[in-house]
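The lines below spell out each chain.
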Protein chains: 2
Amino acid sequence: MTGNGPSLIDVARAAGVATATAGRALGGYGQVSARTRERVLAAAAELGYRTNGLARSMITGSTQTIGVVVTDVANPFFATALSGITDVTHPAGFEVLLANTGGDLDAERRAITVMSEKRVDGVIVAAAQPGEGAHLKQAIGAGVPVVLIDRLVRGVPEADTVTIDNEHAATEAVAHLLELGHRRIGVITEAVSLVSGSRKRGLFPSAVRLRGYFEALRAAGIEPDEDLVGVARYDRGSAYDATMRLLAHAAPPTALLCTDNVLATGAYRAVQDRGLRMPGELSLIGFDDEPWTTLVRPELTVVEQPTYELGTRAGRQLLDRIADGGRPRRPHHVELHAKLVARGSTLPG
Amino acid sequence: MTGNGPSLIDVARAAGVATATAGRALGGYGQVSARTRERVLAAAAELGYRTNGLARSMITGSTQTIGVVVTDVANPFFATALSGITDVTHPAGFEVLLANTGGDLDAERRAITVMSEKRVDGVIVAAAQPGEGAHLKQAIGAGVPVVLIDRLVRGVPEADTVTIDNEHAATEAVAHLLELGHRRIGVITEAVSLVSGSRKRGLFPSAVRLRGYFEALRAAGIEPDEDLVGVARYDRGSAYDATMRLLAHAAPPTALLCTDNVLATGAYRAVQDRGLRMPGELSLIGFDDEPWTTLVRPELTVVEQPTYELGTRAGRQLLDRIADGGRPRRPHHVELHAKLVARGSTLPG
DNA sequence: CTGAAAGCGCTTACAG
DNA sequence: CTGAAAGCGCTTACAG
């Protein structure tokens, strides 16, 4: 019960004008004489009037609100992307309705439904699963523009996308290690589809990065060794364990690539605990350039993603779509480049 | 233009019932026979009907949406608190309208106004400035419950608050250092009201922590030395510079307390670059226990804030308020405790 | 420039 | 259980 308060009718009555006139004075549309406007504004202030955005939106057909769906706001990656989104959309007059799915597909479906019912003008989605896009397709069908961010989803060809060139990013990281002379290069990943030749070509960043890793090795004439692939759940402890297992092998890797920032914290810790010198005994590369990567010793070599820009581009793309007012147009795909930042964890020095 | 689509009237017509009946079947309120419900549901599915939440909210007086206003979502502190909020409110059926103010008071005022016009059922606010609460008071007056989080604001005695016992947190940190024998204990802070005896008693965490620092010293019979207070803007670089200045003094501190996690990254780096051994030549304490604090060597001693819980408690508090339906009730104040986690940066070992 | 009327899409009494 | 009517609070043609 948002304690109703005065309506436009009350303001109009107090100002001695018609509601349509009061609406024009307060809403900044149509024509009103300066004198009338003043009287209406005075009456509104006196009564403590606030526009009912619900009623307005119902008529105008626009809520000036966009939905943003992510799997985990507490992850610095999404938090940073989110700030990129708001920095672009807020000045344009749009508010953000946020949903945190925790990677649960059902939660994502519910979020999309609710946002659609609340009549958001569009949504930006970091999907929970690459295989399931029916709910997104339905939203688009209902006239809600969708921009996919960070992750591609199968079955939604109409959606705009803003992603990072993950395959190249991984390739570049491996190339860096090859150049330094490494041949036994391991990887810590949360990708499910392990097998390099799998037919289920993954669409998610971790899967794409894993593919890049495999291909870079092959291009260098090295047959990937499954013993050098450490699979972890998406948390630090699991990455720690996976790293420890790899390092305990009879023929352990001399270099390690982590496909994500969370995994990198676990791997870094494991290498420390194992007592291996970096980069002398083991070279390590992480993903995402977070503040801590230059506080550890040695500093961590990383693949730096343009995370904030991922958000700003997605925001701008959605604003464009909304401005287009649902006119059909072919989907727009933006792919941003990640950049290798070489530091002490790989560079002998 | 969210391409309007079929309305309840269309569904009712297709099902051969009155709109009121169709509404009852679809909305889950009132009484409908099973047979009628089925027919309505079938018609709705056929037409691709989706409820117009705007119209519903206008009548029910509830949007099932809360506003959350923070100064910086990209800061792990707020990102984590935010996830605590959504974890509590989302299962209760509430969506989150997010505003990122960047610490700008005007942006905060606009956000509150817009959220109020969008008829959110309540707001959780991490305020930009402690001195300015008129807009919040006004929201409360209009019937929008307000829960202040992390920071107190003057002039809004009606608001619920969920904060951390910052004075005690700082006191405990200083006590730890005193116990280890330190007498020259410095502080890196972004608090503006520097002077210990200032009459403008700060309400913000940084100011309260600074007060705790001063009082802990005095309680130990040590007169605070202004030369040991390093003031920085709220960023890593500025904290780095401030720390470097302190360490360059003729009689430098032997221990340093940082009143925030961002400042701690700058200070840690400065101590490294200065070539001082921790804790032998300098002991360091930070705020907030982030993943990196156990990756650096030595590990960082910190005051660990219950950040996630700050969010869940604020969420629950707001839900309670909303459930109360605007019935006047005295404000509720929750103060959570921070905990010192002693590690290598202070413990000789 | 101003006003009277219609209507956005629902839910809520009120009858039956 | 079902329906006809009223109404939530605005904006939008349509006249004047």
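Above this text you will find the structure in question.
Residues numbered from 1 in each chain as written. Chains lettered and ligands numbered in written order. Predicted model: local features only at pLDDT ≥ 70, side-chain atom pairs only at ≥ 80, totals over all residues. Heavy atoms only, no water.

Further remarks concern the interface of chain A and chain B. In this assembly, 54 residues from chain A lie in contact with 54 residues from chain B. Both sides of the chain A and chain B interface together cover about 5000 Å² of buried area, and 54% of this is carbon and sulfur. The largest contributions to the chain A side of the interface with chain B come from Leu54, Arg119 and Leu295 of chain A, which together make up 16% of the buried area. Connecting chain A to chain B are 2 salt bridges. Across the pair Glu299 of chain A and Arg269 of chain B runs a salt bridge, and its minimum N-O distance is 3.3 Å. In this assembly, chain A and chain B are joined by 26 residue pairs in polar contact (both at pLDDT 80 or more). Elements with a contribution of two residues or more to the side of chain A that touches chain B: helix H4 (53-60), helix H5 (76-89), strand S2 (95-100), helix H6 (105-117) and helix H11 (261-274) of chain A. Looking at the side of chain A that touches chain B, its residues break down into 21 nonpolar, 21 polar and 12 charged. Of the strand pairs in this sheet, S2 of chain A and strand S2 (residues 95-100) of chain B are connected by 3 bridges, and their pairing is antiparallel. (Contact = heavy atoms within 4.5 Å. Buried area = accessible area lost by both parts, 1.4 Å probe. Salt bridge = Lys/Arg side-chain N within 4 Å of Asp/Glu carboxyl O. Polar contact = N/O pair within 3.5 Å; in protein donor to acceptor, adjacent residues only side chain to side chain. Helix = DSSP H or I, 4+ residues; strand = E, 2+ residues; numbered from the N terminus. Nonpolar A, V, L, I, M, F, W, Y, C, P; charged D, E, K, R; others polar. Pairing = 2+ DSSP bridges.)

Turning our eyes to something else, we now look at helix H8 (residues 166-179) of chain A. Residues and elements named next belong to chain A. In a regular helix each residue adds 1.5 Å, so 14 residues correspond to 20 Å; H8 covers 20 Å between its end C-alpha atoms and thus fits that length. Along H8, the residues that are buried comprise Asn166, Ala169, Ala170, Ala173, Val174, His176 and Leu177. All buried residues of H8 lie within an arc of 150° about the axis, which places them on one face of the element. Just downstream of H8 lies Gly181, where phi reads positive at about 100°. (Expected span 1.5 Å × (residues − 1). Buried < 20%, exposed > 50% of the residue type's maximum accessible area, 1.4 Å probe, protein only. Arc of directions from axis to C-beta.)

Right, let's talk about unusual backbone geometry for a bit. Residue and element names in this part refer to chain A. In this chain, Met278 is followed by Pro279 through a cis amide linkage whose omega measures -5°. Inspection of the secondary structure assignment puts Pro279 in the loop between H11 and strand S9 (283-287). The step from Arg297 to Pro298 runs through a cis peptide bond, and the omega angle for that step is 0°. Turning to its location among the elements, Pro298 is positioned in the loop between S9 and strand S10 (301-304). Despite not being glycine, Gln64 has its phi angle at roughly 55°, a positive value.

Before going further, it helps to spend a moment on the protein's contact with DNA strand C. Every one of the 25 residues lining DNA strand C counts as a neighbour, but Arg24, Gln31 and Thr36 of chain A together with Tyr29 and Ile59 of chain B are closest to it. In the interface set of DNA strand C, defined as its atoms within 4 Å of the protein, sugar plus phosphate atoms amount to 69%. The separation between a phosphate oxygen of DNA strand C and a polar main-chain atom of Ala18 of chain A is 3.0 Å. Between DNA strand C and Thr36 of chain A, the relevant distance is 2.3 Å, taken from a phosphate oxygen to a side-chain nitrogen or oxygen of the residue. Those elements giving two or more residues to the surface near DNA strand C turn out to be helix H2 (19-27) and H4 of chain A together with helix H2 (19-27) and helix H4 (53-60) of chain B. Top element by residues in the surface near DNA strand C is H4 of chain B. It accounts for 4 residues. Along the lines of polarity and charge, the residues of the surface near DNA strand C split into 13 nonpolar, 8 polar and 4 charged. (Near = heavy atom within 4 Å.)

Next up on the list: H11 of chain A. All names here are of chain A. End to end, H11 covers 20 Å across 14 residues, agreeing with the expected 20 Å (1.5 Å per residue, within 8%). Summarising burial for H11: 12 of the 14 residues are buried, a large majority. For H11, every residue scored as buried is listed here: Asn261, Val262, Leu263, Ala264, Thr265, Gly266, Ala267, Tyr268, Arg269, Ala270, Val271 and Gln272. For H11, the secondary structure elements touched by its buried residues are H5, strand S6 (185-189), helix H10 (236-247), strand S8 (255-258) and S9. Note on H11: the residue one or two positions beyond its end, Gly275, has a positive phi of about 80°.

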